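Listed here are the chains, written in short residue letters.
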Amino acid sequence: MAGYIATNNLGASFGGVQAIENITFEIPANKVTAIIGPSGCGKSTFLRCLTRMHELVPGARISGEVVWDGKNIYASEMDATEVRRGIGMVFQKPNPFPLMSVADNVSAGLRLAAGRMSKARIAEIVERSLKLAALWDEVRNKLHKPGGSLSGGQQQRLCIARALAVQPDVILMDEPCSALDPASTQKIEDTIDKLKKSYTFVIVTHNMQQAARVSDFSGFMLSQEMGEPGRMIEYGPTNKIFTTPERKETENYITGRFG
Amino acid sequence: MSGRLRMQKEEDGAAEQTPRQAPPLTKPAVPSYQPAGKEMENEISRDSELYSQSAVRRRSRKFRSRLAYCLCALSTVIAMVPLVLILFYVIYQGAGDLNLSFLTSLPKPVGESGGGMGNAIAGSLILIGIAAVIGVPLGVLAGTQLAEYRNPRLSCVVRLLSDILSGVPSIIVGIFVYTLLVLTFKQFSAIAGGVALGILMLPTVARTTEEMMRMVPDTLREASLALGIPRWRTITSVIIKTAGGGIMTGVMLATARIAGETAPLLFTALGSRTWPTGLDKPIASLPVQIYQFAISPFDEWHRQAWAGSLVLVLIVLFLSIGSKIFFGRKMKRAS
Ligand SMILES: Nc1ncnc2c1ncn2[C@@H]1O[C@H](COP(=O)(O)OP(=O)(O)OP(=O)(O)O)[C@@H](O)[C@H]1O
Ligand SMILES: [Mg+2]
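Scoring rules and cut-offs
- Residues numbered from 1 in each chain as written.
- Chains lettered and ligands numbered in written order.
- Predicted model: local features only at pLDDT ≥ 70, side-chain atom pairs only at ≥ 80, totals over all residues.
- Heavy atoms only, no water.
- Helix = DSSP H or I, 4+ residues; strand = E, 2+ residues; numbered from the N terminus.
- Contact = heavy atoms within 4.5 Å.
- Donors = N, O, S within 2.8 Å, 3.2 Å for Na, K, Ca; no water.
- Patch = residues over 30% accessible without salt bridge, like charges linked within 9 Å, V, L, I, M, F, W, Y side chains within 5 Å.
- Areas by Shrake-Rupley, 256 points an atom, 1.4 Å probe, with all protein chains shown as cover.
- Salt bridge = Lys/Arg side-chain N within 4 Å of Asp/Glu carboxyl O.
- Buried area = accessible area lost by both parts, 1.4 Å probe.
- Pairing = 2+ DSSP bridges.
- Buried < 20%, exposed > 50% of the residue type's maximum accessible area, 1.4 Å probe, protein only.
- Polar contact = N/O pair within 3.5 Å; in protein donor to acceptor, adjacent residues only side chain to side chain.
- Right-handed = clockwise from strand over helix to strand, strands pointing away.
- Phe/Tyr/Trp six-rings, centres within 6.5 Å; stacked < 30°, edge-to-face > 60°.
- Near = heavy atom within 4 Å.
- Nonpolar A, V, L, I, M, F, W, Y, C, P; charged D, E, K, R; others polar.

**Q** Would you mind showing me how to read the overall build of chain B here?
**A** Secondary structure summary: chain B contains 13 helices and zero strands in total. The secondary structure elements of chain B, listed N-terminal to C-terminal, are α-α-α-α-α-α-α-α-α-α-α-α-α. Contacts in chain B between residues at least 24 apart in sequence constitute 75% of all its contacts with a sequence separation of at least 6.

**Q** Can you walk me through the coordination of the magnesium ion (ligand 2) in this structure?
**A** Between any two of four tetrahedral donors, the ideal angle at the metal is 109.5 degrees; between two of six octahedral donors, it is 90 or 180 degrees. Taken together, Ser44(A) (OG) and Gln92(A) (OE1) make up the protein donors of the magnesium ion (ligand 2), found 1.9 to 2.2 Å from the metal. Taken together, the residues Ser44(A) in helix α1 (residues 43-49) and Gln92(A) in the loop between β6 (87-90) and α3 (102-112) connect sequence positions 48 residues apart.

**Q** Would you mind showing me how to read a nonpolar patch on the surface here?
**A** A surface patch of nonpolar side chains, amounting to about 390 Å² of accessible area, comprises Met80(B), Leu83(B), Val84(B) and Phe88(B). Looking at where Leu83(B) falls in the secondary structure, it is placed in helix α3 (residues 55-94).

**Q** It is not clear to me how the interface of chain B and chain A should be interpreted in this structure. Could you clarify?
**A** Many descriptions give the size of an interface as the accessible area lost when the pieces come together. The interface is formed by 19 residues belonging to chain B together with 25 residues belonging to chain A. Summing the contributions of chain B and of chain A, the shared interface buries around 1,900 Å²; its carbon and sulfur component is 69%. The largest per-residue losses of area from chain B upon contact with chain A belong to Glu222(B), Ala226(B) and Leu227(B), which jointly make up 31% of the total buried on that side. Between the two partners, chain B and chain A, sit one salt bridge. The shortest N-O distance in the salt bridge between Glu222(B) and Arg48(A) comes to 2.7 Å. Of all the elements in the fold, those that place two or more residues in the side of chain B that touches chain A are α9 (218-226), α10 (231-259) and α13 (299-334) of chain B. Take the side of chain B that touches chain A: its biggest share by element is seven residues, from α9(B).

**Q** So what exactly am I meant to see when it comes to the sheet that holds strand β2 (residues 17-27) of chain A here?
**A** Backbone hydrogen bonds are what pair the strands of a sheet, in a parallel or an antiparallel way. All names here are of chain A. Taken in spatial order, the four strands of this open sheet run β2-β1-β4-β5, and their pairing is antiparallel. At either end of the open sheet lies a strand with only one pairing partner, and these are β2 and β5 (71-72). In terms of strand pairing, strand β1 (residues 5-14) meets β2 through seven bridges, oriented antiparallel. Bridging from a neighbouring strand, Phe-14 pairs with Val-17 of β2.

**Q** When you look at the side chain of Asn105(A) in this model, what are you seeing that I'm missing?
**A** All names here are of chain A. Along the chain, the position of Asn-105 falls in helix α3. In this structure Asn-105 comes out as buried when scored by relative accessible area, which is 0%. A polar contact of 3.2 Å, which involves the side chain of Asn-105, links it to the backbone oxygen of Met-100. For Asn-105, the contacting residues outside a window of four places in its chain are Pro-96, Phe-97, Met-100, Gly-147, Leu-158 and Arg-162.

**Q** How do you make sense of the pairing of strand β8 (residues 200-204) of chain A when you look at a structure like this?
**A** When a strand is regular, its side chains alternate between the sheet's two faces. Residue and element names in this part refer to chain A. For β8, a buried count of five out of five residues is recorded, marking the element as mostly surrounded by other parts of the structure. Of the two faces of β8, the one lined by Thr-200, Val-202 and Val-204 and the one lined by Phe-201 and Ile-203 are each fully buried. Here strand β3 (residues 32-36) runs beside β8; their pairing, made up of four bridges, is parallel. Residue pairing across strands places Val-32 opposite Phe-201, the latter belonging to β8. Viewed along the sheet, the connection from strand β7 (residues 170-174) through helix α7 (residues 182-195) into β8 turns out right-handed.

**Q** What is the right way to read the packing of aromatic side chains from this model?
**A** Applying the stated criterion across every chain yields a total of ten aromatic pairs over all chains. Centre to centre, the rings of Tyr178(B) and Phe267(B) are 6.0 Å apart; their planes meet at 65°, and the pair counts as edge-to-face. Pair noted here: Tyr178(B) is in helix α7 (residues 170-185) and Phe267(B) is in the loop between α11 (263-266) and α12 (286-294), with a separation of 89 residues, a long-range link. Since its relative accessible area comes to 21%, Phe267(B) is described here as partly exposed. A connected cluster of aromatic rings, assembled from ring pairs, spans Phe25(A), Phe46(A) and Tyr235(A).

**Q** Help me out: how do you make sense of the site of ligand 1 in this one?
**A** All names here are of chain A. Ligand 1 sits among 13 residues. The nearest are Ser-39, Lys-43, Ser-44, Thr-45 and His-206. Between an oxygen atom of ligand 1 and a side-chain N or O atom of Ser-44, the distance comes to 2.6 Å. The fraction of the free accessible surface of ligand 1 (630 Å²) that becomes covered by protein chains is 59%. Across the shell around ligand 1, the residue classes tally to four nonpolar, seven polar and two charged.

Set out below in structure tokens:
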């Protein structure tokens, strides 16, 4: 099953402080999985562990396994670059390459990671990715402007386009719509819906309606007390999590009683 | 809340920007909106406490602020005076003899008037070129190693070495190259001079490269790596490109610094009265020629030395200003 990810007792720490612990979780292929939970519970950390980004933080440690397509991505023979090529990520804070042009931002992965490609083919992929990210109309006349000159929400969509352009197996999105207006949010959700036939999505969101709208499965994370590592409290099909959650904490969070 | 913050900001800003204005006698007004809750009332009472400074204290703060400003301005002026004096004196002394023939012809023997420092200018450019070919790639690579491959032990050693090297007097570097190249090949040469200058460039280039690369935020490294771009491509295509303006500035400043080095050239490149004939032969250079002409007893040569000094100062000035413009443009594009 392409794109199938399972974590096994995953834990991660920053300089000795445990941020998440004991996460055993499954992400089905060609589905949208939403991760929800209060701020600081470790959603971003969890997501970064899925594509070997956590290890880039100095002093960070990881325990447990992440199995992707039958292989543990942390096994010694696995190449981090290969893993990241297969599992793309859109970060919580937009991070376009500020000096590169808008077009070069989108094609960066193609030009610098993939094999040689004709200019025409690259231009075609750039246009398609920008359209999918609902940004094409706004930037079609400034493809040569630097990426840093776009607005915050435009930068966020530029990063989405950039991740889509390399066509990974799995796309992890950390609050992809946090800086977007309702119309752009709608378009991004449509894109996710359209692409999930061929991709697997994991999105972190603080917007319960969005989680309910776009996701097929949901996981609720929580750190029980201040300073406690975050854990996956409950996960399952989204309609079950949102209508008849098993755990009290999940129900409280979803109905807005805390967090 | 935001009203309070904004007010505070405006007040500070006014104090800094218009130091000469008389202090306002009235207290800033309490925010005029009428809050509903009890907590908000609390905050307002705290607000007025924050601003209920007496006029005396307010004036004393303004005075201190103005004093600090004046001290800074005074120090700046004092620091600028020697620079401006040197510049004007060199122009005053050198401009008269600076003409096209000075830039393009060989020095004349004693007693004959005319002639120039064309060979020294060409020699200096060649030496700077050799130095850059050696110093820039090595320096950039060392800086990259320091900034990107955070191997604590190796970085510590490299950083220590480059700090020591930047503190070594340039004449010692000259003696080192003299022993290493000149004695070995029994020949003063342009190469030996270029190597000495290149070694002098190394620490500056390495440390600026390191600092500029460290200024590139980690989120950009992550952005690149997350696309499946390999580590080395990330460094060459994303990090060095982003830090490029700063690195260029460092390279130009290092070049400007070595352009005027005299001591290490005295026993490496030696000097010559003819046009450069080969990289394995002694070669003339502006600083050495200026030095030799300046200590000679001939008036004509003294004037030539001044003109040569002016050319050297102009080269250095050009490099410094060029690097500023270059860096400024990069920065503007980045924001
Ligand atoms: N670089 C870091 N160094 C040290 N601690 C960190 C770092 N990044 C995150 N943490 C800690 O790890 C915990 C989880 O952080 P994380 O960013 O994963 O939370 P989150 O669920 O994504 O929150 P949010 O919804 O606000 O984005 C927090 O307690 C945070 O303080
Ligand atoms: Mg987060």
